[in-house]
Amino acid sequence: RAYVSWLSGPLFLTSLCTGIAWMAWVFVNPENQWNLLKRMESAEQSGCVPNYEEYPDCRKGGVNSTQEQTCFFIENGELVFPEGCDQSCTGVYNDCTNGFILWVGPVLVGMTMFFLSFFCTFLRTEGTKEKDIFNFGKVWLFILFAIWVTTSLSGMASGVTSALAALTLASFVASAVFIAVSFNRDERTENAAAVFKRLRDKYGENLDIARGLFVVTCAPILLICFCFSITNQLIRKTRIFPCSEPVGDSNDIFTTRMRRQIEQMKTWDRVRVYTFAVYWGIFFMVMQVLVAKLTVVFLSWLIEQTSSFGLGAVTAILVGVGVAMFLLPPVPGVPVYLTLGIVLPAQGHETLGWVGSIGYSIAIGLVLKLFSSALQQKMIGENLSRYVRVRQFVGVNSTLMKAMRLVLSQDGLSVPKVAILIGGPDWPTSVLCGILRLSLPQIILGTIPVVMLIFPTCLTGALLYMASLKDASGNPEFSWAGTVSTITASVTALVQFGSMIVAAYYLEQTADKRVDDVAAIVDDAEVKKADDEAAHLNKCYREVTQWNKIPVLPKLFMRSSLACIVISCYIVQLFSSQCFTEHSLTDSIDDNLQGNVGNLFLPLGWIATGLFSASVLLLYVFTSWGKVKAKLKAKEAAPKPEILAYGSSEDRTDFDLDLQAAADGIHADELVVSSNDSNSVASYHRRHSDSQGAHSTSTRF
């Protein structure tokens with residue numbers, strides 16, 4: 001352990017040198033770049049079997065031929081497509097990733113050593129404490145997100161994503177095993193207890209949000225664990241193996257350890273946890289389907305429709321569409337910048353040149369972002385700030401929002417301010433600035449560094465377009481463009497998620513280290529009043545939705561909603577290629593989707609969408625039932641008028657009781673005397689008010 005702890009530096013240096021050497025190897029010799037020609041060569045050399053089931057016309061000799069060769073071939077370093085054989089036939093090797101894994105092997109090795117260097121840093125101090133575990137988790141999540149986004153943006157073939165996902169999963173499993181064997185049982189127990197105690201002390205009830213994420217992501221794994229536990233318990237009961245642990249409770253179908261975990265989960269507020277789990281699933285489905293799929297389809301249609309327009313007309317159309325998309329809450333800015341990078345260089349490279357047209361697209365992207373941010377802040381955010389419900393929803397009195405206000409209120413440029421404005425989601429961040437009534441010029445100034453995100457994104461779009469261009473022989477005109485687009489997409493992902501991690505770090509630091517400054521920010525009085533009024537209703541909702549008190553039918557609704565969203569998310573995540581037709585920004589809807597956007601969804605995709613819709617509906621039914629019950633309970637729990645006037649029977653003295661009896665007698669006499677008086681009601685209320693005043697005087701006395 002002492003030896004391994006000092007390997008962090010050498011491993012990190014080796015991983016860095018490996019990556020630099022690989023990039024040099026790729027760019028020095030064009031033959032080393034990953035393009036269509038290299039992909040076909042590697043597929044044939046590695047012995048991949050062509051997929052003639054989906055491409056029957058691509059067999060040499062035609063459909064009825066028994067030859068195993070493809071209709072195209074490589075001659076003098078170029079792909080040759082004879083008559084009757086077009087470039088689409090290269091799809092016979094879409095499932096072959098052997099060559100790519102070999103080509104990108106040094107990068108994978110470098111990433112592995114990069115992971116190992118952090119493991120060694122993790123062991124640098126003797127007796128690792130919970131702070132080191134938290135820091136390691138943050139670093140690992142950053143790398144995980146970077147890999148995922150890089151894979152998504154690079155537009156690689158199917159199979160590459162699963163290969164990188166397998167590498168990430170293997171690294172995660174290796175890290176868990178590494179940590180497990182690095183400490184003895186007492187050290188693991190002590191560290192785990194310290195971590196959980198810190199989480200409970202710092203986040204309290206907000207842990208239900210994390211528990212919801214755990215449920216929606218690990219529910220199938222939990223079911224598998226339950227099955228293993230039941231099997232384990234059955235084997236122990238048979239006493240086949242003498243070395244088996246004791247059975248524990250012989251009447252229990254679970255092992256003692258699993259039963260302890262189940263009892264711990266039973267202490268959760270299950271309705272609250274399940275509700276957050278469904279919310280996490282809804283967020284995932286919206287981002288994966290609405291944003292990642294439908295937004296790309298719309299932008300590909302826009303690219304196709306504007307292909308025959310001039311540069312000025314295309315710019316005007318893209319600016320209008322871009323502003324409209326920026327005003328939609330779930331749409332991120334990256335697809336918009338990517339579209340600018342594809343369309344504007346395509347229309348302007350003949351007059352401005354490739355460098356000039358790419359620079360033009362970056363400038364338009366920056367202007368579009370700044371203009372949209374101003375609209376979101378002034379037109380949406382500041383108008384919404386007039387509504388108490390909106391300010392209450394975003395939590396303007398919360399520590400997080402106060403810390404964000406402190407960071408964004410600083411004049412000029414600073415790393416935390418820029419990180420929030422670049423890394424945060426486009427629409428929510430700008431609208432929050434408006435709700436918090438922050439200075440527009442200062443926010444615009446802090447947003448200008450977003451060019452660091454726009455530049456690699458527009459460059460990626462331009463390279464994707466350049467990679468699609470073919471010469472007269474049908475070979476790529478820019479064979480290197482596909483490789484470079486992967487690298488620039490990686491830079492885009494690192495900038496975006498790196499800034500998000502930095503923003504989260506500085507917000508946490510501000511909340512922890514500037515406690516007095518955060519506390520000095522005055523609470524919004526209207527929001528505080530609304531929070532106090534809502535607290536009683538929320539308390540009633542949690543009381544009536546306690547799992548043990550809920551009837552069978554509402555329980556069924558909640559469980560069904562959770563099951564539907566979990567199944568839907570797993571289908572979309574694990575079987576994405578069977579759910580949706582692959583469609584990129586450079587694809588044609590007429591060719592790829594046969595002119596019908598509905599063809600984007602395959603049968604399994606429609607099933608996943610149906611389960612998602614059913615989950616949302618069932619959750620709405622359950623929450624509506626819970627709100628009705630909560631309102632009834634709140635109404636029943638409201639103090640009666642006589643209690644408001646004279647206090648509860650437990651708190652009233654003999655003097656108060658005599659005073660109430662006298663007041664009641666006065667009320668009765670006045671009602672008799674005033675029975676024929678048209679103002680009797682007003683007279684009654686006036687007398688009743690006087691008696692309340694008398695009681696208030698007696699209470700103060």
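Residues numbered from 1 in each chain as written. Predicted model: local features only at pLDDT ≥ 70, side-chain atom pairs only at ≥ 80, totals over all residues. Heavy atoms only, no water.

Peer 1: Any chance you could explain the overall build of the chain here in plain terms?
Peer 2: Counting its regular elements, the chain contains 28 helices and two strands. Within the chain, the fraction of its 701 residues that count as buried is 40%. (Helix = DSSP H or I, 4+ residues; strand = E, 2+ residues; numbered from the N terminus. Buried < 20%, exposed > 50% of the residue type's maximum accessible area, 1.4 Å probe, protein only.)

Peer 1: Looking at this structure, I do not really get helix α8 (residues 207–238). What am I missing?
Peer 2: What sets the pattern is the α-helix's 3.6 residues per turn: residues three or four places apart point alike. Across its 32 residues, α8 extends only 40 Å between first and last C-alpha, which sits more than 12% below the 46 Å expected from 1.5 Å per residue. At Cys 218, α8 shows its largest bend, some 70 degrees, and a proline, Pro 220, comes one to four positions later. Taken together, the buried positions of α8 are Leu 207, Asp 208, Gly 212, Val 215, Val 216, Ala 219, Ser 229, Gln 233 and Arg 236. Positive backbone phi, approximately 60 degrees, marks Arg 239, located one or two places after α8. (Expected span 1.5 Å × (residues − 1). Bend = angle between axes of the 7 residues up to and from the residue.)

Peer 1: Looking at this model, I keep getting lost on the confidence of the model for the chain. Mind explaining?
Peer 2: In low-pLDDT regions, the fine details of the predicted coordinates are not to be read closely. Put simply, the chain has an average pLDDT of 76, and 76% of its residues get 70 or more. Mean pLDDT values over the elements of the chain span from 40, in helix α28 (residues 680–700), up to 91, in helix α22 (residues 552–574). This stretch, residues 666–701, has a pLDDT under 50; its non-local contacts, to residues over four places away or in other chains, come to 22 contacts. (pLDDT = per-residue confidence, 0-100. Contact = heavy atoms within 4.5 Å.)

Peer 1: I would appreciate a short explanation of the packing of aromatic side chains in the present structure.
Peer 2: The geometry of an aromatic ring pair is captured by two quantities: the separation of the ring centres and the angle between the planes. Within this structure, the stated rule accounts for twelve aromatic pairs. Considering the side-chain rings of Phe 226 and Phe 254, the 5.7 Å spacing of their centres and the 65 degrees angle between planes classify their relative orientation as edge-to-face. Taken as a pair, Phe 226 in helix α8 and Phe 254 in the loop between α8 and α9 (256–266) lie far apart in primary sequence, 28 residues in all. Relative accessible area serves as the criterion here: at 12%, Phe 254 is assigned to the buried category. The interplanar angle of 75 degrees and the centroid separation of 6.4 Å between the aromatic rings of Phe 276 and Tyr 279 together place this pair among those described as edge-to-face. (Phe/Tyr/Trp six-rings, centres within 6.5 Å; stacked < 30°, edge-to-face > 60°.)

Peer 1: What exactly am I supposed to notice about the pattern of salt bridges here?
Peer 2: Oppositely charged side chains may form a pair once their charged atoms are brought near each other. One pass over the full model with this rule turns up eleven salt bridges. Glu 263 is paired through a salt bridge with Lys 266; the nearest N and O atoms lie 3.7 Å apart. Linking Glu 263 with Lys 266, this pair stays in helix α9, spanning three residues, or about one helical turn. On the basis of relative accessibility, which here comes to 37%, the residue Glu 263 falls in the partly exposed class. Given a relative accessible area of 41%, Lys 266 falls into the partly exposed group. In this structure, the salt-bridge partner of Glu 543 is Lys 633, at a minimum N-O distance of 3.6 Å. Residue Glu 543 is located in helix α21 (residues 525–544), and its partner Lys 633 is located in helix α25 (residues 603–637); the two are separated by 90 residues in the primary sequence. Relative accessible area serves as the criterion here: at 32%, Lys 633 is assigned to the partly exposed category. A network of salt bridges, in which partner residues are shared, links Asp 252, Arg 259, Glu 263 and Lys 266. (Salt bridge = Lys/Arg side-chain N within 4 Å of Asp/Glu carboxyl O.)

Peer 1: How should I be thinking about the state of the cysteines in this particular structure?
Peer 2: Covalently bonding the sulfur atom of one cysteine to the sulfur atom of another cysteine gives a disulfide. What the rule picks out here adds up to three disulfides. Put simply, Cys 58 and Cys 89 are joined by a disulfide, and their sulfur atoms are 2.1 Å apart. With the S-S dihedral at roughly -80 degrees, the linkage between Cys 58 and Cys 89 falls on the left-handed side. Remark: Cys 89 occurs in the loop between β2 (78–80) and α3 (98–103) and Cys 58 occurs in the loop between α2 (36–45) and β1 (73–75); sequence separation between them is 31 residues. Taken as a pair, Cys 58 and Cys 89 share a single burial class, namely buried. (Disulfide = S-S within 2.5 Å.)

Peer 1: What's the story with a nonpolar patch on the surface in this structure? I'm lost.
Peer 2: The grouping of Ile 209, Leu 213, Trp 280 and Phe 283 at the surface amounts to a nonpolar patch, some 340 Å² of accessible area in total. Looking at the nonpolar patch, the elements that each hand over two or more residues are α8 and α10 (270–305). Topologically, Ile 209 is positioned in helix α8. Judged by relative accessible area, Ile 209 falls into the partly exposed class, the value being 31%. (Patch = residues over 30% accessible without salt bridge, like charges linked within 9 Å, V, L, I, M, F, W, Y side chains within 5 Å. Areas by Shrake-Rupley, 256 points an atom, 1.4 Å probe, with all protein chains shown as cover.)

Peer 1: Even after reading the chapter, I still don't get helix α16 (residues 426–435), so can you show me in this structure?
Peer 2: A large share of α16 lies buried, amounting to nine of its ten residues. If you check which residues of α16 are buried, you get Asp 426, Trp 427, Thr 429, Ser 430, Val 431, Leu 432, Cys 433, Gly 434 and Ile 435. Along its buried surface, α16 packs onto α11 (311–326), α12 (334–384), α13 (388–394), α14 (399–408), α15 (415–423) and α17 (440–447). Residue Arg 437 follows α16 closely and has a positive phi angle near 60 degrees.

Peer 1: Please explain the packing of α8 against α22 as it appears in this structure.
Peer 2: Two numbers describe a pair of packed helices, the interaxial angle and the distance between the axes. Contact pair α8 / α22: the axes reach a minimum separation of 10 Å and the direction vectors enclose 85 degrees. In terms of their interaxial angle, α8 and α22 are classed as roughly perpendicular. Residues Val 215, Val 216, Thr 217, Cys 218, Ala 219, Pro 220 and Ile 221 of α8 touch α22, and the partners they reach there are Leu 562, Ile 565, Val 566 and Tyr 570. Looking at side-chain class alone, the contact of α8 with α22 contains ten nonpolar, one polar and no charged residues. (Axes fitted to C-alpha atoms, helices over the stretch in contact; angles between N-to-C directions. Parallel < 35°, antiparallel > 145°, perpendicular 65-115°, else oblique. Nonpolar A, V, L, I, M, F, W, Y, C, P; charged D, E, K, R; others polar.)

Peer 1: How do you make sense of the packing of α12 against α16 when you look at a structure like this?
Peer 2: Remark: α12 packs on α16, axes separated minimally by 5 Å, with the N-to-C direction vectors making an angle of 40 degrees. Accordingly, the angle class assigned to the pair α12 and α16 is oblique. Crossing angle aside, the handedness with which α12 passes α16 is right-handed. Taking contact as the criterion, the partners of Tyr 337, Lys 369, Ser 373, Gln 376, Gln 377, Ile 380, Gly 381, Glu 382 and Leu 384 in α12 are, on α16, Asp 426, Trp 427, Ser 430, Val 431, Cys 433, Gly 434 and Ile 435. (Left-handed = near helix turned anticlockwise from the far one by under 90°.)

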